[in-house]
Structures are given as structure tokens and as C-alpha cells.
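Understanding the architecture of this molecule
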Amino acid sequence: LWFLTAFVSFGLSTWIPSLYVSMFKIPVAEALRYNAVATVSIFILPIILRQTIDRIGRRPLPMFGTAIGGIALLAMIVIDHGATVWLVGLAIVGQIGISIGSMVLWPHTAETYPTRIRSLALGTSSSLARGASMLTPLLVGVVLQVTGSTTLVFLVFGLASLAVALLWRFGARETAGRKMAD
């Protein structure tokens, strides 16, 4: 969960502004405005999650968010590069979707492990995320240089996001409302 979530999250936050300009031919000022919309949306997200995560649970929100985000990223493959509103909208949905998963990982992981190994589990998980964040820019850069296309980039990000949704569904247990292990 941690590796794939960070892989998509850091990949999008690192590359989307550049892709807007270089691949989608959006002027720099406009690309920065679009990126600001995503950033503000993601900034508001913890407030929404704080109000809902205990009632809805830890798994449904990231399951839904990463699935919708993955579908949006896959849809970017077939959208015409001239359809700026669609491209930007789908990119923002992808970023918000994976961000939901990213934000819920911290409390979910903390609640999954007993106190005696909790910090080790969080540290290890966070290290996996940092590894993914270092790998993503290299992978995207190589793919863009070799193919000159964003198709493979969004295919990988979309499939990784859908894999995260499946991991939330089948690999994670609900921790909301349960007593934490000592």
C-alpha cells in the first residue's frame, strides 16, 4: 500500500505541471493555476477526512478514492491532448483520489500494529514510500525520453492506483472503532 500509493502520489505531484506544459501544450501560467487547484483541493482533504473517517471507516474512503483516481488516470490515455479541461479534470481527480489513500495510510497503519512495534512498522512503511518517491521521477523521465508519450506513464499510474484500491479492499482490515493492540 505504502509503496504504490507513494509511487503514484509523488509521480503525479512531481510530473503533472511539466506534463501540462510539455506534452499537453498548456501555457506555463495556466498550468500553474491548474496545479494550484489540485493543491488547494488536497489541502482541504484532511478536513473532510477528519469529519468522516471515524463514521465511515478507514477502508471505504481510500478504496473508493484510489479506484476513481485510477480510472481517471487511465482515461487520460484516450483523451485528446487538446481537450485541456478534460485532461486537467482527470489529472486532478487522479491526484485527489490517490491523496485520500495517502492520508488514510498513517492512521490505518498506526492502528494495525501493536504498540511495541508500531513505530518500527510506520518507519518501515514510510521508508518504502520514500523509496517509491525516489524511483518515480526516474521511471517517468526514462519513459518520456524513450517513448515521447504519456500513454505508458498514465497506464502505470492508473493501474498502480487500481492495485492500491484492490489492496485496500482485500489486503487491509478495518481498524475504525476497534481497540488497538497493546
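Each value, and the rule that gives it
Residues numbered from 1 in each chain as written. Predicted model: local features only at pLDDT ≥ 70, side-chain atom pairs only at ≥ 80, totals over all residues. Heavy atoms only, no water. Helix = DSSP H or I, 4+ residues; strand = E, 2+ residues; numbered from the N terminus. Rg over C-alpha atoms; globule rule 2.2 N^0.38 Å. Contact = heavy atoms within 4.5 Å. Areas by Shrake-Rupley, 256 points an atom, 1.4 Å probe, with all protein chains shown as cover. Lys, Arg positive; Asp, Glu negative; His and termini not counted. Charge placed at Lys NZ, Arg CZ, Asp CG, Glu CD. Axes fitted to C-alpha atoms, helices over the stretch in contact; angles between N-to-C directions. Nonpolar A, V, L, I, M, F, W, Y, C, P; charged D, E, K, R; others polar. Core = buried A, V, L, I, M, F, W, Y, C linked by side-chain atoms within 4.5 Å. Buried < 20%, exposed > 50% of the residue type's maximum accessible area, 1.4 Å probe, protein only. Left-handed = near helix turned anticlockwise from the far one by under 90°.

Of regular secondary structure, the chain possesses six helices and zero strands. Ordered by position from N to C terminus, the α and β elements of the chain give α-α-α-α-α-α. The C-alpha radius of gyration computed for the chain amounts to 17 Å, which stays within 12% of the reference 16 Å derived for 182 residues, consistent with globular compactness. Each principal axis of the C-alpha distribution contributes one length, and for the chain these read about 55 × 30 × 25 Å. Counted over contacts in the chain with a minimum sequence separation of 6, partners at least 24 positions apart contribute 82%. Carbon and sulfur atoms provide 70% of the accessible area of the chain, an area that totals close to 9300 Å². Each charge class in the chain can be summarised by its mean position, and for the 13 positive and 6 negative side chains these summaries are 6 Å apart.

Let's shift gears to the environment of Val156. Of note, Val156 is situated in helix α6 (residues 151-170). For the pair formed by Val156 and Phe7, sequence separation is 149 residues and the distance between their alpha carbons is 9.8 Å. When sequence neighbours within four positions are dropped, the list of residues in contact with Val156 reads Phe7 and Leu139.

Contact geometry for helix α5 (residues 115-147) and α6: axes closest at 8 Å, N-to-C directions at 145°. Side by side, α5 and α6 meet where Thr136, Leu139, Val140, Val143 and Leu144 of the first sit next to Leu152, Val153, Val156 and Phe157 of the second. Taken together, the residues that form the contact of α5 with α6 break down as eight nonpolar, one polar and no charged.

Residues Val8, Leu12, Tyr20, Phe24, Met76, Phe154 and Phe157 are the most contacted members of the largest nonpolar core, which totals 44 residues. Looking at this core, the elements that each hand over two or more residues are α1 (2-22), α2 (28-56), α3 (60-75), α4 (84-112), α5 and α6. Take this core: its biggest share by element is ten residues, from α4. Once residues within four sequence positions are removed from consideration, Val8 is found in contact with Leu73, Ile98, Phe157, Ala160 and Ser161.

A word on the packing of α2 against α4. Two numbers describe how α2 lies on α4: the axes approach to 9 Å, and their chain directions differ by 35°. At the point where α2 passes α4, the crossing takes the right-handed sense. In contact with Glu30, Tyr34, Asn35, Val37, Ala38, Ser41, Ile42, Leu45, Pro46, Leu49 and Ile53 of α2, α4 contributes Thr84, Val88, Ile92, Gln95, Ile96, Ser99, Ile100, Met103, Val104 and Pro107. Classifying every residue of the contact of α2 with α4 by side-chain character gives 15 nonpolar, five polar and one charged.

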